[in-house]
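# A closer look at the structure
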Amino acid sequence: MKETLLLTKHMRENPENSHLIDVYEKNNGYSAARKVFKENNPGEVIEEIKTSNIRGRGGAGFPTGVKWGFLAEDEERYLVINADESEPGTFKDRILLERDPHQLIEGIIVTSFASNISKAFIYIRGEYAKPARRVQDAVEQAYEKGYLGKNIFDSGKDLDVVVHLGAGAYICGEETALLNSLEGRRGEPRLKPPYFPAVKGLYNKPTLVNNVETISSVPWIINNSGKDYAKLGVEGSTGTRIFSLSGHVNNPGNFEIEMGCSFGEFIDTFGNGIKENKTVKAFIPGGASAPWFTGEMLDIKMTIDDVANAGSMLGSGAVVVMDEDTNLVLAAKSIVSFFAHESCGQCTPCREGTTWLEMILERISSGRGRASDIDLLLDVCDNISPGLAWPPQMTTICPLGPSAVSPITSLMGSFREEVESLLPKKVLINND
Amino acid sequence: MTENIKFTVNGNELEAKSGELLIEACEKSGIHIPRFCWHKRLDPVGMCRMCLVEVETPRGKALVPSCTTEITEDLVVDTESAVVTKAQEGILEFLLINHPLDCPVCDKAGECPLQDQTMAYGPGESRFVEEKRHFEKPIPISEIILLDRERCILCARCTRFSDEISGDPLIEFIQRGNKTEVNTFPDEPFRSYFSGNTVQICPVGALTSTSYRFKARPWDLKKVSSTCNCCSVGCSIELNTSQNKMLRILGEDNEFTNQGWLSDKGRYNFDYLHSENRVLNILSKEEDSFSKISISDATEMIKNKIAELDNPNIKFILGSSSTNEEYFVINEIANYLNKDKFLSKDSSNIYFGDDLLFEGYFGDQYSQAKLEDLDSSETIVVWAEDIKDNLPILYLRIKKAVKNGSKLIVFGHTNTAIAGLADFYFGKDIVSNKFELIRNPNEIEDLKNNIEGKKVTVITGKSTVFQKKESLDKLINYLNEKAELKVFNSFSKGNTFGALQNIDEVKGLNEFCNEFDTNAKNIVFTIGVNPVNSSYFSQKIKENLIASDFVISLDLFVNETTELADLILPTTSLGEKEGTVTNMEMRVMKQNKILPAPGSTLSEWEYLVSILNVLGENVNYKNEIEINNYLSEQYKNQEKVPTFDNLNKPSNLFGVLNKKDININIKDLKEDNFSLLMVRRLYGDSSTQINSPSISMLGAHKFIELNSTTAKKYGINSKVGNFIQGPNSILINIEINEYLPDDLVIAPINRRGFEDIDPSLDFNITEAKNREELNVN
Amino acid sequence: MTWDSKLIDRANQIIELYPQKRSALGPLLYLAQEKEGYIDDDSVVEISKLIGITEVQVRSVASFYTMYKQEPSGKYLISVCKSISCEINNSREVIESIKEFTGLANNETDVDNTFTFEEVECIGACGGAPAVQVNYETVEGMTPTKALELCKYLKEEVPKVIVADHLQDKFGGTKSFDWAIEDNSGTSSTAPGFQIIGTSEEN
Ligand SMILES: Cc1cc2nc3c(=O)[nH]c(=O)nc-3n(C[C@H](O)[C@H](O)[C@H](O)COP(=O)(O)O)c2cc1C
Ligand code: SF4
Ligand code: FES
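It should be emphasised that the depicted structure is a prediction, and the values quoted were computed from it without experimental measurement. (Residues numbered from 1 in each chain as written. Chains lettered and ligands numbered in written order. Predicted model: local features only at pLDDT ≥ 70, side-chain atom pairs only at ≥ 80, totals over all residues. Heavy atoms only, no water.)

With that settled, the discussion passes to the overall build of chain A. Looking only at helices and strands, chain A features 19 helices and 11 strands. Over its C-alpha atoms chain A spans a radius of gyration of 22 Å, differing by no more than 12% from the 22 Å that the globule rule assigns to 432 residues. For chain A, with 432 residues in total, the buried portion stands at 66%. Of the accessible surface of chain A, which amounts to about 14,500 Å², a share of 47% is contributed by carbon and sulfur atoms. Each charge class in chain A can be summarised by its mean position, and for the 44 positive and 58 negative side chains these summaries are 3 Å apart. (Helix = DSSP H or I, 4+ residues; strand = E, 2+ residues; numbered from the N terminus. Rg over C-alpha atoms; globule rule 2.2 N^0.38 Å. Buried < 20%, exposed > 50% of the residue type's maximum accessible area, 1.4 Å probe, protein only. Areas by Shrake-Rupley, 256 points an atom, 1.4 Å probe, with all protein chains shown as cover. Lys, Arg positive; Asp, Glu negative; His and termini not counted. Charge placed at Lys NZ, Arg CZ, Asp CG, Glu CD.)

This is the structure in structure tokens:
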């Protein structure tokens with residue numbers, strides 16, 4: 001099994017300086033941008049993306065071409081690149097920003113052409129200072145070349161790109177929270193409906209919000225074709241995806257593959273096996289919000305649908321491997337703490353519930369648990385995510401609250417004894 | 001009108017308007033869905049999640065908040081399913097885990113939605129064994145509001161109110177997630193004219209007012225609906241008393257007028273009722289001191305004085321807090337006393353104590369506006385005294401209309417509070433420092449574009465006592481000609497419209513001073529008015545009262561005016577009397593009685609009727625109802641006659657009265673010093689406010705406003721200075737207001753220290769010198 | 001401290017980039033942080049004037065985000081990740097060793113204002129777990145020993161500019177991915193080394 005290099009090809013081939021515009025251009029860079037201005041009308045570009053069947057790489061997996069197709073008519077429309085990558089386990093956008101910023105900018109140019117947009121924002125999480133510098137440098141280079149600014153590529157069209165830094169709030173990855181943040185507000189998710197910013201987004205204007213990886217894929221699709229892209233991967237999960245592999249593996253990192261292989265294959269081939277030759281106790285298939293799989297489930301295929309059918313999600317493409325010696329209660333607590341810390345605080349169940357869960361897990365993991373705590377944990381979870389089903393029902397505005405439920409249901413589902421072993425025995429009032 | 005559509009709730013088919021919110025539509029059909037964050041007058045935020053219900057979707061049942069879900073055709077809703085009940089219980093448990101449950105010491109207990117809903121929907125006992133979130137117990141966030149962050153359930157009602165409704169976002173969520181709290185910025189207290197509304201809509205006891213704190217339990221309260229008399233909007237209120245003390249005033253949600261809101265003045269200006277300074281006995285002045293006398297002695301004294309002075313001039317200066325019934329009786333007595341004297345109509349003897357009274361735009365050629373007209377106006381034009389200070393709820397209604405798309409055009413230099421809302425603010429290039437319209441209305445493009453052929457509501461009145469009617473005429477005639485126009489005459493004080501409706505002819509204080517003949521014999525009645533304080537004409541009125549032969553004051557307090565009286569007849573006030581008042585839309589509304597008249601006080605009409613009887617005119621009104629019946633007679637041709645009877649029926653609470661002839665007789669003031677404009681602020685040193693401890697300090701802030709060029713001219717750089725005129729020197733704050741034209745200084749006329757300032761004379765402003773001086777209020 | 005005209009000019013340039021003034025709030029808060037090490041009240045007042053919202057609205061937004069510091073921070077802000085990939089790769093021990101060296105608990109600043117220590121959520125360096133940031137410059141593949149060396153270095157050498165690549169060379173281990181040619185960019189304040197207009201080093 002091998003990687004299929006689309007998005008990471010350029011950076012692999014130019015390990016020293018793939019982020020510089022000259023190097024990028026020498027390797028066929030900005031050809032997709034030139035091509036669409038010369039050969040295409042916007043509708044054709046959207047069609048090409050639709051044909052590619054690419055689905056958003058930010059987590060929700062919504063078909064990108066369809067989303068572009070929704071964009072409401074308006075004189076003012078915006079493109080916002082979601083580079084807030086903050087889901088624990090995920091670091092794939094970071095490599096795209098740091099190592100191939102021009103690919104992203106080229107994607108932005110093509111997307112803006114397709115959707116008749118003249119102002120784009122790249123919202124990069126604040127902790128990504130270095131990637132942001134790289135992107136800003138690249139943006140400035142592109143301005144100098146006339147690829148951004150007024151009358152780009154002599155097309156008569158204008159396009160401005162602003163790099164905007166977040167400031168430490170995972171929730172701003174949620175697209176409507178991101179828009180609030182970009183408007184200079186608290187990063188609180190907006191109410192749905194409207195379901196898509198494409199109808200009412202930044203400053204209440206139609207706005208496309210797409211993930212870095214999604215838009216970075218656009219130049220390849222245009223240079224080749226939507227059809228060629230769709231040939232890669234499997235139906236419903238076409239193309240390649242950059243998976244971030246971390247945890248107890250020998251060789252963590254980002255790997256670009258066609259979707260469709262199994263997790264076990266992926267971990268063995270690219271992660272080079274588990275550290276100290278241990279076995280896998282559990283792994284997270286798609287970022288911290290995703291329910292865990294156990295070591296017995298390594299055969300599941302890495303496609304959006306297979307993972308969903310098995311009760312989790314491919315999400316942000318982050319695979320976190322936990323070996324046989326992992327203290328799963330602490331692991332779950334780490335994730336629950338994450339969501340408690342990152343809750344925006346709007347909704348009662350998320351604000352109060354996630355913190356409460358964290359407190360209970362803290363108690364259990366430090367040996368102060370009560371026999372009734374398992375039921376309590378599950379019932380608090382149920383009040384955040386009724387029925388504890390997957391995909392979750394929610395009593396909240398956005399999926400962050402229910403995300404904190406995933407590790408607990410995973411823990412209780414497959415590793416209940418591990419929790420019970422930390423608790424005093426239930427006193428059974430039983431006559432026989 | 002959108003058509004009704006059908007939807008199903010708990011198996012029953014119901015109807016609603018398309019797009020209506022589920023929570024509201026259910027409520028109308030008697031299905032109550034619990035909620036905390038949702039408030040009918042605020043934009044929904046769906047944050048507390050208490051109102052979750054189940055709806056059917058193509059992918060099965062889903063929990064949705066009913067406060068943000070709009071009704072669609074054939075929506076199927078379950079508000080009582082097991083999933084819904086479980087979710088609601090869960091939410092309540094979440095809300096309670098960090099709530100202190102200090103109900104025994106909480107003002108809200110007994111009327112607390114959290115408490116009520118915990119009873120109705122809540123879990124039995126708490127499973128939360130950890131430590132609750134802690135905050136410092138109540139912190140004052142303004143002079144009148146306290147915040148207890150531990151009790152807060154973060155429903156965002158207060159923050160939304162101050163952002164969306166009142167437009168002074170001075171309280172906000174701070175921090176995030178589980179650490180979120182509501183707070184103010186350290187040096188910026190929650191100083192809003194409308195802050196009390198947040199206390200009223202807070203669903204727990206997180207926001208409390210200093211005035212009501214620990215005063216009563218809701219179950220001890222006696223309540224009655226009434227109408228606020230602080231300004232002519234006539235907000236609907238609920239008076240709450242206990243043991244014959246007024247403890248609280250709440251806003252009632254009257255769709256036509258205040259829509260639930262009140263200004264803090266209207267809400268908190270009532271402690272004076274129980275002030276120890278209140279006059280409770282009839283006082284007669286001998287030498288220089290007052291002594292108690294009986295009502296019969298008092299009326300005799302008046303009769304004798306009239307006889308003794310042998311056909312004196314008898315004049316009345318009126319305030320704005322009388323009821324329609326009282327104005328009616330005042331009109332009667334004035335006519336009676338002068339019946340032999342004045343034959344022609346323009347020699348009436350009634351003066352209204354408002355510097356900004358003007359002739360108004362009444363009569364058939366003008367269409368009188370109603371507050372609801374603002375909502376459907378394409379353009380709203382304001383050229384009047386400062387709306388925010390003088391008609392605060394009108395300000396909110398204008399703000400709301402603007403938010404919903406009406407264009408706002410503001411003229412003049414004194415209405416700068418509203419300038420921030422305005423699409424077009426017409427300052428110095430269009431209006432001179434003398435308040436003349438310098439340009440022809442139809443030459444002002446921005447005006448033309450938003451007026452011609454549009455639905456327009458204008459709020460017009462004098463911005464200052466100097467303003468001549470000519471300029472207003474020019475504007476109003478233009479608007480009337482070019483637009484579909486509705487007119488508000490901005491007489492902001494209390495029941496001014498009631499006075500105008502019930503008195504044959506009204507003149508102003510300028511006319512009083514001009515007509516006062518010091519060589520003649522004069523008797524002056526002042527009724528609920530203090531013109532010696534906070535009038536442009538104060539000094540002259542004071543001289544005239546001193547020169548009068550006999551002054552009779554009907555009032556609540558000894559103040560700058562009544563201390564000049566020979567006889568003080570102590571009167572009743574809000575909640576102590578019954579009657580009707582007429583608001584700026586000419587809507588007649590009821591004031592109700594819930595407190596006994598204190599001491600030997602009587603209502604104004606009772607004194608006047610006694611006097612008439614002593615004078616030999618047999619009038620026999622035994623109570624307010626009889627006067628009202630008589631007064632209503634003149635409206636009997638109308639569809640709705642504002643009798644007490646029908647005003648008390650909730651379904652018919654507020655009749656709108658067609659005006660009868662209104663006669664206002666005002667003469668323009670002659671040219672004067674235009675560099676100092678004295679304007680009335682919401683809070684000031686009125687005798688009622690000064691005697692209401694919980695808000696009296698709000699009227700203490702002394703400040704002037706000018707633009708930076710003018711400040712430079714005076715050589716002022718600091719924020720503090722001295723305002724100097726003759727022997728008077730007042731320590732003031734200096735506020736730079738760039739909306740003002742050059743060479744114009746604005747000062748409050750109703751603030752302590754300014755009572756001796758004469759706007760017609762020269763003055764100077766200097767910087768405050770030493771640091772101690774900087775410590776002004 | 002109030003803002004001088006140079007800073008205000010820069011602020012206005014940033015405001016220009018956005019269709020609506022309020023959008024510049026985030027970048028302006030970073031200007032304040034760069035200058036003062038935290039969001040001080042005076043800056044809040046300046047910013048509120050520049051973009052036309054109230055002070056408490058500025059505070060409300062600033063306090064939502066963990067990177068806008070509400071309290072003065074030390075010269076070096078050391079942030080150690082404790083999210084899942086770092087957690088299971090022993091970030092606790094890294095945390096302990098930094099705590100021991102600095103004597104600081106979570107979110108504390110030492111008396112001579114050298115260090116502020118904080119435990120943070122995922123910083124996107126999971127492939128190089130456990131990872132640390134110094135003034136938002138990332139160092140991957142940390143160990144408790146290397147963390148000590150890093151602290152010592154900061155304390156003794158007091159570098160003016162913090163550069164991720166330099167720290168990684170000296171103290172780092174496994175990286176999330178190949179970082180490409182060495183890059184000398186970095187930061188000289190506790191604000192991230194990025195400004196839309198003008199880099200932090202210029203100031
Ligand atoms: C809590 C939460 C966090 C999210 N974080 C991110 C993120 O960090 N990056 C991202 O691209 N999308 C994130 N998303 C998904 C975005 O809301 C949105 O779906 C995505 O940016 C759309 O782009 P795509 O269609 O290209 O995937 C998040 C969603 C949620 C609910
Ligand atoms: S679920 Fe949590 S993060 Fe999402 S909107 Fe509600 S409180 Fe905010
Ligand atoms: S009332 Fe609907 S969410 Fe609060």
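Now that the structure has been shown, the text picks up again.
Residue and element names in this part refer to chain A. Two numbers describe how helix α4 (residues 42-52) lies on helix α7 (residues 101-115): the axes approach to 7 Å, and their chain directions differ by 120°. It follows from the interaxial angle that α4 and α7 lie oblique. The crossing of α4 and α7 is left-handed. Residues P42, V45 and I46 of α4 pack against V110, F113 and A114 of α7. Residues of the contact of α4 with α7, tallied by class, amount to 6 nonpolar, no polar and no charged. (Axes fitted to C-alpha atoms, helices over the stretch in contact; angles between N-to-C directions. Parallel < 35°, antiparallel > 145°, perpendicular 65-115°, else oblique. Left-handed = near helix turned anticlockwise from the far one by under 90°. Contact = heavy atoms within 4.5 Å. Nonpolar A, V, L, I, M, F, W, Y, C, P; charged D, E, K, R; others polar.)

Here helix α2 (residues 25-36) of chain C contains 12 residues, and its C-alpha end-to-end distance of 16 Å stays within 8% of the 16 Å for a straight helix at 1.5 Å per residue. With 10 of 12 residues buried, α2(C) is to be regarded as a mostly interior element. Every buried residue of α2(C) is listed here: L25(C), G26(C), P27(C), L28(C), L29(C), Y30(C), L31(C), A32(C), Q33(C) and E34(C). Those residues of α2(C) hidden inside the fold are in contact with β3 (160-165) of chain A together with α1 (5-16), α3 (41-51) and α4 (55-64) of chain C. (Expected span 1.5 Å × (residues − 1).)

On to the site of ligand 1, then. Residue and element names in this part refer to chain A. Close to ligand 1 lie 18 residues, the nearest being G58, N82, N210, N211 and T214. Within the backbone of E175, one N or O atom sits 3.0 Å away from an oxygen atom of ligand 1. The contact in question runs from an oxygen atom of ligand 1 to an N or O atom on the side chain of N210, over 2.8 Å. The leading source of residues in the shell around ligand 1 is strand β4 (residues 207-211), at 3 residues. In terms of residue class, the shell around ligand 1 is built from 4 nonpolar, 8 polar and 6 charged. (Near = heavy atom within 4 Å. Polar contact = N/O pair within 3.5 Å; in protein donor to acceptor, adjacent residues only side chain to side chain.)

Now for the side chain of S97(C). When you line up the elements, S97(C) lands in helix α6 (residues 91-102). A polar contact is formed between the side chain of S97(C) and the backbone oxygen of P144(C), at a distance of 3.1 Å.

So, about helix α6 (residues 92-99) of chain A. Counting buried positions along α6(A) gives 8 out of 8 residues, so the element sits mostly inside the fold. Taken residue by residue, α6(A) has K92(A), D93(A), R94(A), I95(A), L96(A), L97(A), E98(A) and R99(A) as its buried positions.

Residue P193(A) is reached from K192(A) by a cis peptide bond, and omega for that bond is -5°. Among the secondary structure elements, P193(A) is positioned in the loop between α9 (175-182) and β4. Cis geometry marks the peptide bond from W390(A) to P391(A); its omega dihedral reads -5°. Summarising the element assignment, P391(A) is placed in the loop between α16 (373-384) and α17 (400-403). At E276(A), a position not held by glycine, the phi torsion is positive, near 50°. With respect to the helices and strands, the residue E276(A) is situated in the loop between α12 (263-271) and β9 (280-284). Positive phi outside glycine occurs at Q175(B), with the angle close to 65°.

Here we take up the pattern of salt bridges. Two side chains bearing opposite charge may form a pair once their charged atoms approach each other closely. Summed over the entire model, instances satisfying the criterion amount to 78 salt bridges over all chains. Between K278(A) and D323(A) there is a salt bridge, with its nearest N and O atoms 3.8 Å apart. Of this pair, K278(A) sits in the loop between α12 and β9 while D323(A) sits in strand β11 (residues 318-323); the two residues are 45 residues apart in sequence, bridging distant segments of the chain. Among the ionic pairs, R587(B) bridges to E585(B), the shortest N-O distance being 2.7 Å. Like E585(B), R587(B) is buried. Each of R94(A), E98(A), K130(A), E140(C) and D165(C) takes part in a single network of salt bridges with overlapping partners. (Salt bridge = Lys/Arg side-chain N within 4 Å of Asp/Glu carboxyl O.)

In this section: the sheet that holds strand β1 (residues 4-9) of chain B. Residue and element names in this part refer to chain B. One open sheet holds the 5 strands; their spatial order is β2-β1-β5-β3-β4, and the pairing between them is mixed. Two strands in the sheet have a free side with no partner beyond their single neighbour: β2 (12-17) and β4 (60-65). Strand-to-strand twist across the sheet, computed as the mean angle between neighbouring axes with direction ignored, equals 35°. Sheet contacts for helix α2 (residues 82-97): β3 (52-57), β4 and β5 (76-78); angle to β3, the most-contacted strand, approximately 145°. (Pairing = 2+ DSSP bridges.)

All names here are of chain C. Parsing chain C into structural domains produces domain 1 (5-62) and domain 2 (76-195). Averaged C-alpha coordinates put domain 1 and domain 2 at centres separated by 28 Å. Taken together, the contact between domain 1 and domain 2 spans 7 residues of the former and 5 residues of the latter. Across the interface of domain 1 and domain 2, roughly 500 Å² is buried in total on both sides, 50% from carbon and sulfur atoms. Considering only the side of domain 1, the residues that lose the most area to domain 2 are Y30, Q33 and E34, jointly responsible for 76% of the buried surface there. Applying the counting rule to domain 1 against domain 2 returns 0 salt bridges. Counting every contact that joins domain 1 to domain 2 gives 1 residue pair in polar contact (both at pLDDT 80 or more). (Domains from an automatic or database assignment. Buried area = accessible area lost by both parts, 1.4 Å probe.)

This next bit is on the site of ligand 2. Close to ligand 2 lie 13 residues, the nearest being C344(A), Q346(A), C347(A), C350(A) and C398(A). Of the residues in the shell around ligand 2, the class split is 8 nonpolar, 5 polar and no charged.

Taken together, the 70 residues of chain A in the interface contact 53 residues of chain C. In total, about 4,800 Å² of surface goes out of reach between chain A and chain C, with carbon and sulfur atoms giving 57% of it. When the area that chain A buries against chain C is broken down by residue, the three leading residues are R94(A), R133(A) and A167(A), summing to 13%. Taken together, the connections running from chain A to chain C amount to 4 salt bridges. Salt-bridge contacts for D183(C) lead to R134(A); the nearest nitrogen and oxygen are separated by 3.1 Å. The greatest single-element share of the side of chain A that touches chain C, amounting to 8 residues, is contributed by helix α14 (residues 328-342) of chain A. When grouped by side-chain class, the residues that make up the side of chain A that touches chain C number 30 nonpolar, 22 polar and 18 charged.

Residues and elements named next belong to chain A. Counting buried positions along strand β1 (residues 78-83) yields 6 of 6 residues, so the element is predominantly enclosed. Across 5 bridges, β1 lies against β4 in parallel orientation. For V80, the partnering residue across the bridge sits in β4 and is V209. Pairing analysis gives 5 bridges linking β1 to strand β2 (residues 119-124), with the strands arranged parallel. Residue pairing for β2: I81 is matched across the bridge by I122.

Accessible area lost upon the coming together of the parts is a frequently used measure of interface size. On the side of chain B, 36 residues touch chain A, which itself brings 35 residues to the contact. Roughly 2,800 Å² is buried in total at the junction of chain A and chain B, and carbon and sulfur atoms are behind 52% of that figure. Here chain A and chain B share 6 salt bridges between them. Residue R133(B) pairs with E352(A) through a salt bridge whose shortest N-O separation is 3.2 Å. Taken together, the connections running from chain A to chain B amount to 19 residue pairs in polar contact (both at pLDDT 80 or more). Looking at the side of chain A that touches chain B, the elements with two or more residues in it are α14, α15 (348-365) and α16 of chain A. With 10 residues, α15(A) is the largest single contributor of residues to the side of chain A that touches chain B. Here the residues of the side of chain A that touches chain B are counted per class, giving 14 nonpolar, 12 polar and 9 charged.

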